[in-house]
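# Architecture and fold: a report
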Amino acid sequence: MKQVEIEQVPAGADALAAAPSQRAMVLRRLAGPLLSVAMLCLALWALHLLAREVNYHQVRRYVQSLSHARLLLAALFTLLGYAVMTLYDRFALAAIGRRLSWQRITLISFISYAFSNAVGMSLLVSGSIRYRFYVQNGLGAGEIARVVLFCTTSFWLGLLALTGVTLLCVPLPPELPFAALSQPLGAALLALPLAWLLGGLVRRPLRIWRWRVVLPSMSTALKQILVGAFDWGLAAAVLYVLMPDELNNGFGHFLAIFVIAQIIGLISHVPGGLGVFEAVMLAGFGATGNAQLTAPILGALAAFRVIYYLLPLCTATVLVLQREARGLRRQSLLAPWFTGLLPSFFAGLTLVCGAVLLFSGATRALPLRMAILGEVLPLSVLEVSHLLASVIGMLLLILARGLQRRLDAAYWLTLVLLLAGAVFSLLKGIDYEEATLLILLAMALAPAHRLFYRRASLFSTTFSIGWIVAIVAILACATWLVVFSYKHVDYSGDLWWEFSLHHGGAPRALRALVAAAAAGLLFAAAMLIRPQKLHREPPTDAELAQALPLIKQFPSAQAHLALMGDKALLFDAGHKAFVMFDTVGRSWVAMGDPVGSDEIARRELVWTFLEQCERAGGWPVFYQVSPANLDLYLEVGLNLLKIGEEARVRLADFNLDGKSKKVLRNTVNKLHREGLRLEIVPADAVADLLPRLKPISDAWLHDKHVREKRFSLGAFDPRYLARTPMAVVWQGERPVAFANLLLNDSREEASVDLMRHLPDSPAGIMDYLFVELMLWARGEGYRWFNLGMAPLAGLQSRRQAPLWNRFGAMVFGRGERFYNFRGLQRYKEKFDPQWEPRYMAVPRGIALPMILTNVASLISGGLSGVVRR
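A brief look at the structure comes next. All of these numbers come straight from a predicted model, not from anything done at the bench.

Conventions and cut-offs
- Residues numbered from 1 in each chain as written.
- Predicted model: local features only at pLDDT ≥ 70, side-chain atom pairs only at ≥ 80, totals over all residues.
- Heavy atoms only, no water.
- Helix = DSSP H or I, 4+ residues; strand = E, 2+ residues; numbered from the N terminus.
- Expected span 1.5 Å × (residues − 1).
- Bend = angle between axes of the 7 residues up to and from the residue.
- Salt bridge = Lys/Arg side-chain N within 4 Å of Asp/Glu carboxyl O.
- Buried < 20%, exposed > 50% of the residue type's maximum accessible area, 1.4 Å probe, protein only.
- Core = buried A, V, L, I, M, F, W, Y, C linked by side-chain atoms within 4.5 Å.
- Contact = heavy atoms within 4.5 Å.
- Phe/Tyr/Trp six-rings, centres within 6.5 Å; stacked < 30°, edge-to-face > 60°.
- Axes fitted to C-alpha atoms, helices over the stretch in contact; angles between N-to-C directions.
- Parallel < 35°, antiparallel > 145°, perpendicular 65-115°, else oblique.
- Left-handed = near helix turned anticlockwise from the far one by under 90°.
- Nonpolar A, V, L, I, M, F, W, Y, C, P; charged D, E, K, R; others polar.

### Regarding helix α7 (residues 182–198)
Between its first and last C-alpha atoms α7 spans 24 Å; for 17 residues at 1.5 Å apiece the expected length is 24 Å, and the two agree. Along α7, the sharpest change in direction is near 25 degrees and occurs at A191; proline P193 comes one to four residues later.

### Let's talk about the pattern of salt bridges
Scanning the model with the defined rule gives 29 salt bridges in all. Linking R405 and E611 is a salt bridge whose minimum nitrogen-to-oxygen distance equals 3.6 Å. Taken together, the positions of R405 in the loop between α14 (379–404) and α15 (408–429) and E611 in helix α20 (residues 599–615) put the pair 206 residues apart, joining distant regions of the chain. Given the relative accessible area of 5%, R405 is considered buried. By relative accessible area, E611 is classed as buried at 3%. A salt bridge links K576 to D598; the shortest N-O distance between them is 3.8 Å.

### Concerning the nonpolar core
Counting 126 residues, the largest nonpolar core has L239, L242, F258, M281, F304 and F346 as its most contacted members. Considering every element that reaches this core, the biggest residue donor is helix α11 (residues 291–329), with 14 residues. Leaving out residues up to four positions away in the same chain, F258 has contacts with W232, A235, A236, L239, F277, M281 and F304. By size, the runner-up hydrophobic cluster in this structure holds 81 residues, among which are A647, W730, V771 and L858.

### Looking at unusual backbone geometry
The residue R406 is not glycine, and still its phi comes out positive at about 65 degrees. The topology assignment puts R406 in the loop between α14 and α15. Relative accessible area serves as the criterion here: at 2%, R406 is assigned to the buried category. Its identity is not glycine, yet D832 carries a phi of approximately 55 degrees, on the positive side. For D832, a relative accessible area of 47% gives the class partly exposed.

### Here's the deal with the packing of aromatic side chains
The full count for this structure, using the stated rule, is 27 aromatic pairs. Between F258 and F304 the ring centres are 6.3 Å apart and the planes differ by 85 degrees, which places this aromatic pair in the edge-to-face class. Residue F258 is located in helix α9 (residues 251–268), and its partner F304 is located in helix α11; the two are separated by 46 residues in the primary sequence. F258 sits in the buried class, given a relative accessible area of 0%. What makes F304 buried here is its relative accessible area of 0%. Members of the aromatic cluster, connected to one another through ring pairs, are Y82, F110, Y240, F251, F254, F258, F304, Y308 and Y309.

### Digging into the packing of α14 against α15
Two quantities define a packed helix pair, namely the angle between the axes and the distance from one axis to the other. Two elements in contact, α14 and α15, have axes separated by 8 Å at closest approach and are oriented at 150 degrees. Looking at the two axes, α14 sits roughly antiparallel to α15. Where α14 crosses over α15, the handedness of that crossing is left-handed. Side by side, α14 and α15 meet where V381, L382, S385, H386, L388, A389, I392, L395, L396, L399, G402 and L403 of the first sit next to A410, Y411, L413, T414, L417, L418, A420, G421, F424, L427 and K428 of the second. Considered class by class, the residues forming the contact of α14 with α15 number 17 nonpolar, five polar and one charged.

### As for helix α10 (residues 276–284)
Burial analysis of α10 places eight of its nine residues in the buried class, the great majority of the element. Those residues of α10 lying buried are V276, F277, E278, A279, V280, M281, L282 and G284. One or two steps after α10, the chain reaches G286, where phi turns positive at roughly 65 degrees.

Everything listed is a geometric property; what it means functionally is a separate question.
In structure tokens form, the structure reads like this:
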């Protein structure tokens, strides 16, 4: 079944929260997958009823009887169909004013549609392919969204137009429940494409609620409808040439049943329309209870799925692997977009291989091959091989999730099980076809070890709802195959203990199915009883001591915020890196990038943090991350929001010379004449000085009518301040201002956190403090001085900008009364800094407003602090 391509990222399995609203949210998330499972079960049950007089041998005989001419004609129509699909993307790119070579468009379109048509539930893989290919070719996210929208619209317009015209011209068979309404239904379905076509006459954009819809020209709309109709017509032609001759009542009659079956399959949301499409086709041709009709139809449908779905999928797989091999031959790291794609790609193929082993174990082996095995192998070897092949199939379904999460253990286990599965496939029935598939995947996976760097346990991996549904759906299909393949065998308790070469197919299939299900249940039980390692307590002195060397070696001085002690610290297994975070509501907010010099440890921490959030039903958030580390968050499927720009002064270029520095130069000279001086107090002497600095802090807070912030800013906490050096401005013997210093041992960056002064201190005291500190840091050999972030700076309010950017730009420009964002940027601008963007990594979905509220509350010390100055 063709699938509309909508990129999505599978969500973590949220725990049911106590609040009713959270329960409702979880139920809404479960509703879609559970509905798909229910529809799949109903479809399989309907197929069981419709094909109750048919056995597996009859279906196989029809497939084997198909002539080479028919198979070649079906392959030719498939080739033409995928060629027409490339026109979706070509016309879409032309509509947005972008041009790419036809070779690139053909490659992108073919790989994308081959995966989306065949895999169905794995829309993430096909969406990632299309997104990453187009990003590599210079398209922006907004342009890619418009391409996907254009293709999706064309897909449905063509289907509706073809269905409408067919139903108007050819009545539906009376076996279908709404056959009497075929012509009114056809007119209704045709009305939407006609309205879309006539909409090209409307020159002004249409306003639908809050949306402005610009309809395409009539020529563009006509192209969309015709491409979609030709695509579906060619797909129908593939199946038509495979159907038995006794059902040939003309292509129009067949097309009417085909398009209705496709629409019902799409509406059911069952991956690939599996079972639903077949059941409607059987009902449409009146094959209920008629073995002479049902077996050929099922055989034609099986051949159709192989030719139209499986062969293009295999071809697309080879093309992707060829690109990987080309990158390896250049002896360079794969491009980031391709590196991010491959783990999910291998996970999808491993899932397919696991399904192949389960389906093979559920069906009867070929008699000739079994006769050969019976002469060279003892029966016990054959029985054990059949059982283990199915168990390996289930384990591959589980390990596929580990590959997607880049687990090193999953990589090695998958390699071993693929080779073992190939051996057992040969021993259980000389199934060289599936053995070849497993070996090819193992050969492709072997050189990609560097992509699977995580040392975490497989039992610590969370399984999303979608992934669980996929495994259950595959197991349900395998169960149906067992029932269908051996429906002629009478069930009895003795069947489980029957061992025979030629008459033991049913017992072997039952034992293999139960063993595979048991392996899955054992793994699920181990996951459920595993200990929860959720560390959300404030750090101990020992943990802070472990973190201090990592902080001092980290390039960003922001890492010193861990010393506040208000954020939990999550270390990797080797204590080579840590993440500092706090929780508010369902948001788990990490401050900055993972701290540490070991790149693998930092990447592993992002995954570990994500999995802990998923286990606790939380939303993972990384606040104020740098551009150099964005791949850490894109890799795990998080979205990026720009939240401002950080000002950094290159100290080698800083001086007070020139006309632009005249005001600063005069301020510093004036305060020098008034007797002000700067003293850098080492950390071990700060504790004795704090009683004299506390009145300065209290007076500053009272004068500014503010309270202490937290999380991304420090507070006047003696334990925190005693861990960092202090810059103190003295006027005579009286301290009038201070700032605690954040300094790293690499001398890459110096910064300040807490800056306060007396209300009656001389004017320009902060300018004096900054200038003196920069001159001091330059003399000490530091490269940069960090002035901190200007929130919401650099966000654009253009029409094509994302909603968040426009909202942030509006607050930046009009929120001066509350936040003074623009004034803060102007103040820092006087030091001639270099501005570097800062981002927040958040989950995709509708939870963003709540996440933003939680982060603002966390920084401001409560919701009331959000609206206070």
